[in-house]
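Structural characterization, general
The lines below spell out each chain.
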Amino acid sequence: MKSLFVCLLLALAGQSLAQSENEFVEYLLEIQYQAEAIHQLMEGTFDNVRFSMSDQLVELNRQLIGRMNEALEEVEQIREETEAFVGDSSAPASCVNVAVANWEIEIDLAGQALSRCASTANIQITSRTADVHAALEAAQVASTELQNIVVRGFIDWNAIDYTEQISSIVGAQIQDKYDYFTRITQPNLERTLQAIFDLDDNLLPEIVTCVERGVERFSNYGRVIRDTLFFCSQ
């Protein structure tokens, strides 16, 4: 009878230990779910930043390319009209030769001017985009570290006696990562993304002005040729 009672106590003790261990594992899983939820929140933020940046850059490039194409059409129209005027002019050949001496050079310079405008736009867009990518990479480190915290927690769980201890060791680290993300990382991402949005207000007018100056210079040169030949014809 006594041996039966001892066996029963041992069986109950074993059941209690198993139940306690299962509860502890469930607690660890809850911490993992908490970290995963925060990880997904971060990843969602990263995806939103990438999507917003891509959408904004597509629109900006559409406007820049549209204005550049218009400028090329204007330059071509000026060239055609000027060369047609030269061909129809009754001015002496010597006057024509002087008037159009640098015409091919000026055509080339107009192309270079527009190319410089496009290059300036590309440099600024590339710089702002690189800033966003750098901020995303830095933020990704914090997201990955959440997973590392949980992994380390599982590795060390055998050395931890109470759930309160795992909470202070792992749970506090998870919360710290989340707090840092909301206070520092996310606002930084928003600032770098805003720099992309600001390109519409800052870069676009600058490039449009650059393009217009290039076209205007070419137009003025064509006007000088036409005025010169008109004067020679009188």
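Residues numbered from 1 in each chain as written. Predicted model: local features only at pLDDT ≥ 70, side-chain atom pairs only at ≥ 80, totals over all residues. Heavy atoms only, no water.

Here the focus is the overall build of the protein chain. When helices and strands are tallied, the protein chain shows four helices and zero strands. Taken from N to C terminus, the helices and strands of the protein chain fall in the order α-α-α-α. Out of the 234 residues in the protein chain, the part that is buried amounts to 30%. Of the roughly 14400 Å² of accessible surface on the protein chain, 56% is carried by carbon and sulfur atoms. (Helix = DSSP H or I, 4+ residues; strand = E, 2+ residues; numbered from the N terminus. Buried < 20%, exposed > 50% of the residue type's maximum accessible area, 1.4 Å probe, protein only. Areas by Shrake-Rupley, 256 points an atom, 1.4 Å probe, with all protein chains shown as cover.)

What follows deals with the state of the cysteines. Disulfides are covalent bonds that connect the sulfur atoms of two cysteines. One pass over the structure, following the stated rule, counts two disulfides. Residue pairing for Cys-95: its cysteine sulfur links by disulfide to Cys-232, the two sulfurs lying 1.9 Å apart. On the sign convention where negative is left-handed, the bridge of Cys-95 and Cys-232, at about 65° about the S-S bond, is right-handed. Note that Cys-95 is positioned in helix α2 (residues 93-99) and Cys-232 in helix α4 (residues 163-233), a separation of 137 residues in sequence. (Disulfide = S-S within 2.5 Å.)

Our next topic: the side chain of Ser-219. Relative to the helices and strands, Ser-219 resides in helix α4. Relative accessible area serves as the criterion here: at 14%, Ser-219 is assigned to the buried category.

To continue, consider the nonpolar core. One broad rule of soluble globular proteins: the nonpolar side chains tend to lie buried together. Grouped together as the largest cluster of nonpolar side chains are 46 residues, with contacts concentrated most on Ile-174 and Val-211. Looking at this core, the elements that each hand over two or more residues are α1 (2-88), α2, α3 (103-156) and α4. Sorting elements by how many residues they give to this core places α4 first, with 15 residues. Discounting chain neighbours no more than four positions away, the residues touching Val-211 are Arg-67, Met-68, Ala-71, Leu-114 and Cys-117. (Core = buried A, V, L, I, M, F, W, Y, C linked by side-chain atoms within 4.5 Å. Contact = heavy atoms within 4.5 Å.)

This brings us to the side chain of His-39. Looking at where His-39 falls in the secondary structure, it is placed in helix α1. Those residues in contact with His-39 that sit more than four places away from it in its chain are Ser-143, Leu-146 and Gln-147.

With that out of the way, let us pick up the pattern of salt bridges. Tallied over the entire structure, the rule returns seven salt bridges. Note that Arg-67 and Glu-70 form a salt bridge whose closest N and O atoms lie 3.6 Å from each other. Note that Arg-67 and Glu-70 are positioned in helix α1 at a spacing of three residues, about one turn of the helix. Note that Glu-76 and Arg-79 form a salt bridge whose closest N and O atoms lie 2.5 Å from each other. Here the residue Glu-76 and the residue Arg-79 both occupy positions in helix α1, the gap between them amounting to three residues, near one helical turn. Connected through shared salt-bridge partners, Arg-67, Glu-70 and Glu-74 make up one network. (Salt bridge = Lys/Arg side-chain N within 4 Å of Asp/Glu carboxyl O.)

What follows concerns the packing of aromatic side chains. Going through the model one piece at a time under the given rule, you end up with three aromatic pairs. Summarising the aromatic geometry, the rings of Trp-103 and Tyr-221 are spaced 6.2 Å apart at their centres and angled 10° between planes, so their arrangement reads as stacked. Taken together, the residues span a long stretch of sequence, with Trp-103 in helix α3 and Tyr-221 in helix α4 at a distance of 118 residues. With relative accessibility at 7%, the residue Trp-103 sits in the buried group. One aromatic cluster in this structure is built from Trp-103, Phe-218 and Tyr-221. (Phe/Tyr/Trp six-rings, centres within 6.5 Å; stacked < 30°, edge-to-face > 60°.)

Predicted confidence across the protein chain gives a mean pLDDT of 83, with 82% of residues reaching 70 or more. Predicted confidence is poor over residues 1-19, with pLDDT under 50, and the contacts of this stretch with residues over four places away or in other chains come to zero contacts. (pLDDT = per-residue confidence, 0-100.)

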